[in-house]
Amino acid sequence: MKENISTRSTKLSDYIAYPFLIPKVNLDFNIFEDEVVVQSSFCVKPKLEEPTKLILKGVEIDLLSISIDGRELDSGKYSLSNQDLVIHNPPIHTFELNIKSRIDPFKNTSLEGLYSSCGMLATQCEAEGFRRICFHPDRPDILSKYTVRIESDINSYPILLSNGNKKYGNKLSSNGNRHEIIWEDPFPKPSYLFALVAGKLSSVSDKYLTKTGRSIDIKIYVENGDEKYTKHAIDSLKKAMKWDEDVYGLEYDLDEYKIVAVRHFNMGAMENKGLNIFNSKLVLADSMTATDDELERVESVIAHEYFHNWTGNRITCRDWFQLSLKEGLTVFRDQSFTADLHSSGLKRIEDVSFLRNFQFAEDNGPTSHAVKPKEYVAIDNFYTTTIYEKGAEVIRMLELLLGKEKFFRGINLYIKTFDGSAATTEDFINSLIKGAYLEEKNCPFDLEKFLNWYYKSGTPKVLINQSWDSKNSILNVSFEQKIDSEKNSENTEMVIPILYSCYSREKGALPIAEDNLFILDKNKKNLKINTLPGEKEAPVLSLFRRFSSPVVWESDLLIDDYLFLFLNDNDYFSRWESGQYLMREVLKNRLCNKANYSLEDRFINAIKQTIKSLEIKDPFFLATLITIPGFAELESLLKKVDPIRIYRESIDFQVLIGNEVLQELRIIAKNLLINIDHQWPMGKGERKLLGTLWFYLSLAGDRNVQRNCVESISHSSMTISRAALGALKPLDNTLTDEASNLFYNLWKENPVVLDSWFAYEASRPHKRGIDMIEKLLSHSKFDWKAPNAIRAVLGGFSKNIDLFHSLDGQGYLFMADKLIEVDKINPITASRMVKIFSKWKTYIDKNKEGMYESLLKLNNANLSSNTREVVELILK
């Protein structure tokens, strides 16, 4: 009988402070050919007068010896299980605990703790990986200063790295083949921020001069031959360091900043103090190996991990229920960084699109949880878009409600108060309010209601109705908020900030009221907008400008209103959202067999007008405006989802756009070819638009464009090459095969780039069906140990709509089989990928039955606790 999730969960309500302090940790690593011997020495200070036991966590560790204050303990003084080392009746005074143990990182495929990757040793300790390295409490509220000695064979592991500053390094006189290096981190940190890397690595160095005149050594470590791909990462880091000084007044605090690129890595990157470990894809990038979007992503993630130095490292989270305290805040900071460096309007659209397609779907599914959850089985399952992206939206609302000046006063107080400690969400919020207003009673919004954003799951819905008082030129607007009653038992009121403007129909694009703030803090609330005297018609209302709250809304705006806003709104997000609404309406009507040809014609005419007004001025925005909503958004429109029908109707609608605007698109595409070779970020708008136009023209059957796409593969930037592949992907013809083969032959020796080829092949329509996916998984260049490779093929397969969602259910069963295999070697990757089944109840009967059968297959398998938790939640 399977153990029920609830009996194994960790609950926030059960939190108890650890009964010991461990202010100092000394670690000694002896690396040998087939094992690593770890000697740990802790300074332990009891908090209680007579502690009864000291509990340490340890997984897959061989205990060799244990002593207190130099005296070895006999077996009766401690007990050892497969998870815990318990020392009975420890001293009541401060004591030194020494433990000698042995681990085998060479057989560790989980990519947690210390493991082997491409001949190097690397660590991943967040959230609970440190317990795979040595016995330790391994909880974020235990902060210690670390000194680390690493010893190894100098030929096998010439580079030895850990957190902090290098204090000493030398060859060992007793053995000429071995050397040692000692690292010291002067700042207290939790165990999840510990890092160690050992291997044959090359480094690229640079320096950064802080505002106070300190020189910081920057070093990026990569495998031999990858040095040439690091310039963009270094430039991104230096931009982030300067931005944090300029905007937040925060300066880097160590002498060295090190980044290591690792091929086998579960996460995108890890902010270990002074020694960031990165997925290679997010370090090794230039315009020939990465697209414009990927270059911006690298810049953003480099910044994100750097920003953690203060929001995550110097101030960490008390327990894992507070995870969004560091992640939501730091995502907000990296989003702001990118917006300041590039375009705030376009960045906002990018973030909202991601939120709607991933976080909203999560909020609406079986794995929905609050930004601050109440319980978990495997904390690794809570590194989600809710914790990160929704958490960032909550911070953004606070900035809007407080105003920037007061917001930064609150941030400064938070850092000053909690530097060097482990804090909670409430600590952060209270600091913001106190810094902004001195006392909570002065806060202009209901703080208790605002905290519901942290405590309640689900996406709030806002209903909006208007009435026009023509006599007094007043627009009356009523708002009503709702949140899913199934997820939240009591009637919940949120604080929902709504930025709004309105436009005179008679005066065109001139706003009557611009960027006013209305706070919806009750279930129902009304707003009166005074317009210009003598207005005969109700103005056009522009709501949730800049996407001021992470909600969905329904309003009584007319199609004419949305068309007006699509052509005239001066807010990037609101203009884009108007177009997205119109496209959702077109596709929803088609999917419900109620095609509205009049609406389609009017919208295409609006596209033509938009092309004329934006072609040269803002090509990136134009490309964004004419891109249809994401697949997950379209799924959310229907009570019974037919994924294959959604895909085909989407393609048909894009074919219609391509055909109706063919001549305009051809002219623009031809002109754009002149301006696409500028160095990033210059020219990225032109490249984005060209890729979008190629897609439409290729779908419309333009053979010249299709041939241009093939020819561009071998002599263009990665952005253009991948745009060409994308334009050809839906076709499944000889040109698609030719382009794919060209791309493969160009990049087959570069595993980072080749992952994009694997994803492409797995996601494109193919006559060979599942046999093609099997062929990719057995390909000589495919690496089962690399999460990027697994995500490329199986993630790509899940986007191959006809194949994955085939009505015979074979696509689902195939995926289930492969995820069971993945779970045996990497539970974290498997548990995240299994969420592709989370919408099974929303599908039409055939798909629903097929997914259910596959979920039962997964449920009956011998799964890890990570993956089992997700599968049980999905079935529940």
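My aim in this report is to walk through the structure given alongside it, one point at a time.

Analysis parameters
Residues numbered from 1 in each chain as written. Predicted model: local features only at pLDDT ≥ 70, side-chain atom pairs only at ≥ 80, totals over all residues. Heavy atoms only, no water. Helix = DSSP H or I, 4+ residues; strand = E, 2+ residues; numbered from the N terminus. Buried < 20%, exposed > 50% of the residue type's maximum accessible area, 1.4 Å probe, protein only. Contact = heavy atoms within 4.5 Å. Areas by Shrake-Rupley, 256 points an atom, 1.4 Å probe, with all protein chains shown as cover. Salt bridge = Lys/Arg side-chain N within 4 Å of Asp/Glu carboxyl O. Pairing = 2+ DSSP bridges. Axes fitted to C-alpha atoms, helices over the stretch in contact; angles between N-to-C directions.

### Re the overall build of the protein
Here is step 1 of the chain: Each helix and strand in the protein was counted, giving 29 helices and 31 strands.
Here is step 2 of the chain: Each of the three principal axes of the protein carries a C-alpha extent, and together these read 90 × 65 × 65 Å.
Here is step 3 of the chain: Across the 876 residues that make up the protein, the buried fraction comes to 60%.
Here is step 4 of the chain: The contacts of the protein with a sequence gap of at least 6 include a subset with a gap of at least 24, amounting to 71%.
Here is step 5 of the chain: Total accessible area on the protein is roughly 34900 Å²; 49% of this is exposed by carbon and sulfur atoms.

### Some details on the pattern of salt bridges
Here is step 1 of the chain: According to the stated counting rule, one finds 69 salt bridges in the structure shown.
Here is step 2 of the chain: Linking lysine 857 and aspartate 817 is a salt bridge whose minimum nitrogen-to-oxygen distance equals 2.7 Å. Placement of the pair is lysine 857 in helix α28 (residues 845-859) and aspartate 817 in helix α26 (residues 810-825), with a sequence separation of 40 residues.

### Focus on the side chain of serine 854
Here is step 1 of the chain: By the element assignment, serine 854 lies in helix α28.
Here is step 2 of the chain: In contact with serine 854, other than residues within four places in its own chain, are Tyr812, Leu813, Ala816 and Phe837.

### Concerning the environment of leucine 742
Here is step 1 of the chain: You can see leucine 742 is positioned in helix α21 (residues 734-747).
Here is step 2 of the chain: Note: C-alpha distance between leucine 742 and leucine 638 (104 residues apart in sequence) is 40 Å.
Here is step 3 of the chain: Those residues within four positions of leucine 742 in sequence are excluded, and the remaining contacts are Val710 and Ile713.

### Description of the sheet that holds strand β13 (residues 159-162)
Here is step 1 of the chain: Strand order in the open sheet made by the 4 strands is β10-β11-β16-β13, with antiparallel pairing throughout. Bordering the open sheet on either side are β10 (113-117) and β13, each of which pairs with just one other strand. In this sheet, adjacent strand axes meet at a mean angle of 15° when their direction is disregarded.
Here is step 2 of the chain: Sheet topology places β10 next to strand β11 (residues 120-124); 5 bridges connect them, and they run antiparallel. When the bridges of β11 are listed, glycine 113 appears paired with glutamine 124.

### Focus: the environment of lysine 524
Here is step 1 of the chain: Here lysine 524 is to be found in strand β29 (residues 524-530).
Here is step 2 of the chain: Accessibility expressed as a relative area gives 59% for lysine 524, which makes it exposed.
Here is step 3 of the chain: Apart from the residues lying within four places of it in its own chain, the contact partners of lysine 524 are Phe479 and Glu480.

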